[in-house]
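# Inside the fold
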Amino acid sequence: MPKVTQPLHKAGDYFVDYEEKVFEDVKANEGEKALVTFHTVAFEGSIGLVNMLQATRLLRKGYETSILLYGPGVTLGVQRGFPTIGDEAFPGHQNYTNQLQKFMAEGGKVYACRFALQALYGHGEPSLIEGIRPINPLDVLDLKLLHVRDNALVIDTWTM
């Protein structure tokens with residue numbers, strides 16, 4: 001068997017060149033919009049958190065950015081906590097809430113489908129994180145169409 005002779009990695013080491021940026025740092029032109037949709041279940045994968053970070057980055061690049069939570073995506077926008085609402089039962093338990101609150105505080109808009117909220121997941125509008133705008137299920141398609149009409153960047157995410 002070959003013997004491994006390299007020393008163990010330590011804090012502060014790195015594996016890749018994280019400083020090299022290959023592409024220009026794109027910023028939004030005046031009036032450009034972005035929509036990021038979520039059809040994913042909270043805590044079932046990383047895509048919900050990753051796309052919240054992407055939406056925040058788009059917002060900071062100057063895009064008028066909205067998030068649409070529909071289907072199981074509404075589970076990202078409900079208040080949670082244990083033993084009481086707002087408590088963090090384990091590290092990262094409030095990641096979705098914290099990211100959505102930060103996004104809205106920086107000017108982003110968040111919409112949640114009322115049909116999914118009530119019919120699919122048994123929640124009402126008071127369950128939503130403050131600042132999230134509940135919308136009619138017929139508004140889901142129209143929100144997408146309005147963004148397409150405005151030539152917005154649309155990032156659709158589906159997980160099952």
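We now turn to the structure provided with this report. (Residues numbered from 1 in each chain as written. Predicted model: local features only at pLDDT ≥ 70, side-chain atom pairs only at ≥ 80, totals over all residues. Heavy atoms only, no water.)

## As for the overall build of the protein
Looking only at helices and strands, the protein has four helices and five strands in total. Mapped from its N terminus to its C terminus, the protein presents α and β elements in the order β-α-β-α-β-α-β-α-β. Whereas a compact globule of 160 residues would reach a radius of gyration of roughly 15 Å, the protein reaches 19 Å, over 25% beyond that. Looking at the 160 residues of the protein, the share that counts as buried comes to 38%. Across the protein, the fraction of contacts at a sequence separation of at least 24, relative to all contacts at a separation of at least 6, is 72%. Counting every atom, the protein has about 10600 Å² of accessible surface; 55% of that belongs to carbon and sulfur. (Helix = DSSP H or I, 4+ residues; strand = E, 2+ residues; numbered from the N terminus. Rg over C-alpha atoms; globule rule 2.2 N^0.38 Å. Buried < 20%, exposed > 50% of the residue type's maximum accessible area, 1.4 Å probe, protein only. Contact = heavy atoms within 4.5 Å. Areas by Shrake-Rupley, 256 points an atom, 1.4 Å probe, with all protein chains shown as cover.)

## Here we look at the sheet that holds strand β4 (residues 133-135)
The parallel open sheet is built from five strands, whose spatial order is β4-β3-β2-β1-β5. Because the sheet does not close on itself, it has two edges, and the strands there are β4 and β5 (153-158). Ignoring strand direction, the axes of neighbouring strands in this sheet form an average angle of 20°. Bridge count between strand β3 (residues 109-113) and β4: three bridges; the pairing is parallel. (Pairing = 2+ DSSP bridges. Axes fitted to C-alpha atoms, helices over the stretch in contact; angles between N-to-C directions.)

## Re the packing of aromatic side chains
The geometry of two aromatic rings is summed up by the distance between their centres and the angle between their planes. Following the criterion strictly, the structure yields four aromatic pairs and no others. Centroid distance phenylalanine 43 to phenylalanine 90: 6.0 Å. Interplanar angle 70°. Geometry classified as edge-to-face. Here phenylalanine 90 lies in the loop between β2 (64-69) and α2 (95-105) and phenylalanine 43 lies in the loop between β1 (33-39) and α1 (47-60), a separation of 47 residues in the sequence. Overall, the relative accessible area of 41% leaves phenylalanine 90 in the partly exposed class. Judged by centre distance (5.0 Å) and plane angle (75°), the ring pair of phenylalanine 43 and tyrosine 96 falls under edge-to-face. A residue pair is termed long-range when its members are at least 10 positions apart, and phenylalanine 43 in the loop between β1 and α1 and tyrosine 96 in helix α2 qualify at 53 residues. Here the aromatic cluster, defined as three or more aromatic residues joined through ring pairs, consists of Phe43, Phe90 and Tyr96. (Phe/Tyr/Trp six-rings, centres within 6.5 Å; stacked < 30°, edge-to-face > 60°.)

So far we have only geometry, and geometry alone does not tell us how the molecule works.
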